[in-house]
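Coordinate analysis (summary)
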Amino acid sequence: MPILKRTEPLYTLACDTDRCHAVAEHDDGMPWYFESRDSVAGWAHDHGWEGPHVLNDGAPAYCPDCVRDRAEAEARARSDREHHQAEIQAAIAYALEEL
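Note that the structure is a prediction, hence the values are computed from the model and not measured. (Residues numbered from 1 in each chain as written. Predicted model: local features only at pLDDT ≥ 70, side-chain atom pairs only at ≥ 80, totals over all residues. Heavy atoms only, no water.)

1. Notes on the overall build of the protein chain
Scanning the protein chain from terminus to terminus reveals two helices and zero strands. Counting across all 99 residues of the protein chain, residues that qualify as buried make up 16%. Considering only intrachain contacts with a sequence separation of at least 6, the fraction spanning at least 24 residues in the protein chain is 39%. Taken as a whole, the protein chain presents about 7900 Å² of accessible surface, with 54% of it coming from carbon and sulfur. (Helix = DSSP H or I, 4+ residues; strand = E, 2+ residues; numbered from the N terminus. Buried < 20%, exposed > 50% of the residue type's maximum accessible area, 1.4 Å probe, protein only. Contact = heavy atoms within 4.5 Å. Areas by Shrake-Rupley, 256 points an atom, 1.4 Å probe, with all protein chains shown as cover.)

So this is what it looks like as structure tokens:
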């Protein structure tokens, strides 16, 4: 079988965070190569990636691990804000009772 030169580019999908170097890959660890942006977006949607469903040049994509980490960080931050707000409300209520 001859080796033919491709005239169209191939695409890969890589996580767009500074600390993560995940790449969309097969079960054997080999990277996925996609022939179109639509196939990248479809694969990403089906495999838990976030962000590349409407692909523009430079659009960020996040692997499932980073999606989960980001959701957990947002939940922690929300919980911290709620706890802080509850402490403020308790302090105000205590101060008003002392008057």
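The rest of the description comes next.
2. Things to note about the state of the cysteines
Taken as a whole and judged by the stated rule, the model has zero disulfides. For Cys20, which is in no disulfide, the shortest distance to another cysteine sulfur is to Cys63 and amounts to 3.7 Å. Here Cys20 falls in the buried class, since its relative accessible area comes to 14%. With no disulfide partner, Cys66 has as its closest neighbouring cysteine sulfur the one in Cys15, 3.6 Å distant. Relative accessible area serves as the criterion here: at 6%, Cys66 is assigned to the buried category. (Disulfide = S-S within 2.5 Å.)

3. Comments concerning the packing of aromatic side chains
Applying the stated criterion across every chain, the model contains four aromatic pairs. Judged by centre distance (6.4 Å) and plane angle (55°), the rings of Trp43 and Trp49 are tilted. The two residues Trp43 and Trp49 agree in class, both being buried. The lysine or arginine in question, Arg70, covers the ring of Tyr62, its NZ or CZ lying 4.5 Å from the ring centre. (Phe/Tyr/Trp six-rings, centres within 6.5 Å; stacked < 30°, edge-to-face > 60°. Lys NZ or Arg CZ within 6 Å of the ring centre and 35° of its normal.)

4. Brief notes about the pattern of salt bridges
One pass over the structure, following the stated rule, counts two salt bridges. Between Glu50 and Arg70 there is a salt bridge, with the nearest N and O atoms lying 2.0 Å from each other. Of this pair, Glu50 sits in the loop between helix 1 (37-46) and helix 2 (64-98) while Arg70 sits in helix 2; the two residues are 20 residues apart in sequence, bridging distant segments of the chain. When its relative accessible area of 32% is taken as the criterion, Arg70 is described as partly exposed. Residue Arg68 is joined to Asp65 by a salt bridge in which the shortest nitrogen-to-oxygen separation is 2.6 Å. Pair noted here: Arg68 and Asp65 are both in helix 2, with a separation of three residues, about one helical turn. Under the relative-accessibility criterion, Arg68 is labelled partly exposed at 43%. Looking at Asp65, the relative accessible area reads 43%, which means it is partly exposed. (Salt bridge = Lys/Arg side-chain N within 4 Å of Asp/Glu carboxyl O.)

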